[in-house]
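# Fold and geometry: a report
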Amino acid sequence: NRPRKIPRSNSNAKNVKTRRRKRDIDQIYEDVQPGNAEKIKENQETDPDLPGQGQFYCIACSRHFMNEKVLTEHNKQRPHKRRLKLLKEKPYLGPDVLIDRGKPIIRDADGN
C-alpha cells in the first residue's frame, strides 16, 4: 500500500491570485477618459522594475510591454479588443450612486 498523501494548504495559491491581480474595469474606465489618458501617457517615467522600463503601456489592459513591436501585436489581439469593447460603456457602480439631491440610495434586505 502506498502512504496516504497529506493535503497541503492553499496558501501558495492565494499568493499567486493576489500577485497577478489586475486593475478592475471601473478603475481602468477612469484612466481611459480623454483627459486622464493623456496625463498617463505624458507622465510615464522610466522604471527598471517594469518590462520595457515602463515606457510601453496599454492603458485599456493596464499592462506593460517590452517594446513597441510587442505592444502593437497586443493591440491586434482579441483580448485587447474585448477590453476596448467593455470600456466603451460606463461600468455599473452599484447601489451607492447618489440620487437627485445627493442622498444615497439605501436598500433593505427586501430590495425596497
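Residues numbered from 1 in each chain as written. Predicted model: local features only at pLDDT ≥ 70, side-chain atom pairs only at ≥ 80, totals over all residues. Heavy atoms only, no water.

Turning our eyes to something else, we now look at the overall build of the protein. Looking only at helices and strands, the protein features 5 helices and 2 strands. When the elements of the protein are put in sequence order from the N terminus, they spell out α-α-α-β-β-α-α. Counting all 112 residues of the protein, 17% fall into the buried class. In the protein, the proportion of contacts linking residues at least 24 apart, taken out of those at least 6 apart, comes to 31%. Accessible surface, the protein: about 10300 Å² in total, of which carbon and sulfur atoms supply 49%. (Helix = DSSP H or I, 4+ residues; strand = E, 2+ residues; numbered from the N terminus. Buried < 20%, exposed > 50% of the residue type's maximum accessible area, 1.4 Å probe, protein only. Contact = heavy atoms within 4.5 Å. Areas by Shrake-Rupley, 256 points an atom, 1.4 Å probe, with all protein chains shown as cover.)

Next up on the list: the nonpolar core. Within the largest apolar cluster, 8 residues are counted, these being Ile28, Tyr29, Cys58, Ala60, Cys61, Phe65, Leu71 and Leu87. Those residues in contact with Ala60, other than ones at most four positions away along the chain, are Ile28, Val32, His80, Arg83, Leu84 and Leu87. (Core = buried A, V, L, I, M, F, W, Y, C linked by side-chain atoms within 4.5 Å.)

Here the focus is the pattern of salt bridges. For the coordinates displayed, the defined rule picks out 1 salt bridge. Close ionic contact of Arg23 with Asp31 constitutes a salt bridge, the shortest N to O distance being 2.2 Å. What makes Arg23 partly exposed here is its relative accessible area of 34%. (Salt bridge = Lys/Arg side-chain N within 4 Å of Asp/Glu carboxyl O.)

Further remarks concern the environment of Met66. Mapping Met66 onto the fold places it in the loop between strand E2 (63-65) and helix H4 (68-76). As a C-alpha pair, Met66 and Phe56 span 10 residues in sequence and 6.8 Å in three-dimensional space. Beyond its immediate stretch of four places on either side in the chain, Met66 contacts Pro51, Gly52 and Phe56.

For the protein, per-residue confidence averages 79 on the pLDDT scale, and 68% of positions sit at 70 or higher. Summarising per-element confidence for the protein, the mean pLDDT is lowest in helix H1 (residues 11-19) (59) and highest in H4 (95). (pLDDT = per-residue confidence, 0-100.)

In this section: the side chain of Asp31. Looking at where Asp31 falls in the secondary structure, it is placed in helix H2 (residues 25-32). At a separation of 2.2 Å, a polar atom in the side chain of Asp31 contacts the side chain of Arg23. Setting aside chain neighbours within four positions, we find Asp31 in contact with Arg23, Asn36, Ala37, Ile40 and Ile59. (Polar contact = N/O pair within 3.5 Å; in protein donor to acceptor, adjacent residues only side chain to side chain.)

With that settled, consider the environment of Thr46. Residue placement: Thr46 occurs in the loop between helix H3 (34-42) and strand E1 (56-58). You can call Thr46 exposed: its relative accessible area is 57%. If we ignore the near neighbours within four places in the chain, the residues touching Thr46 are Gln53 and Gln55.

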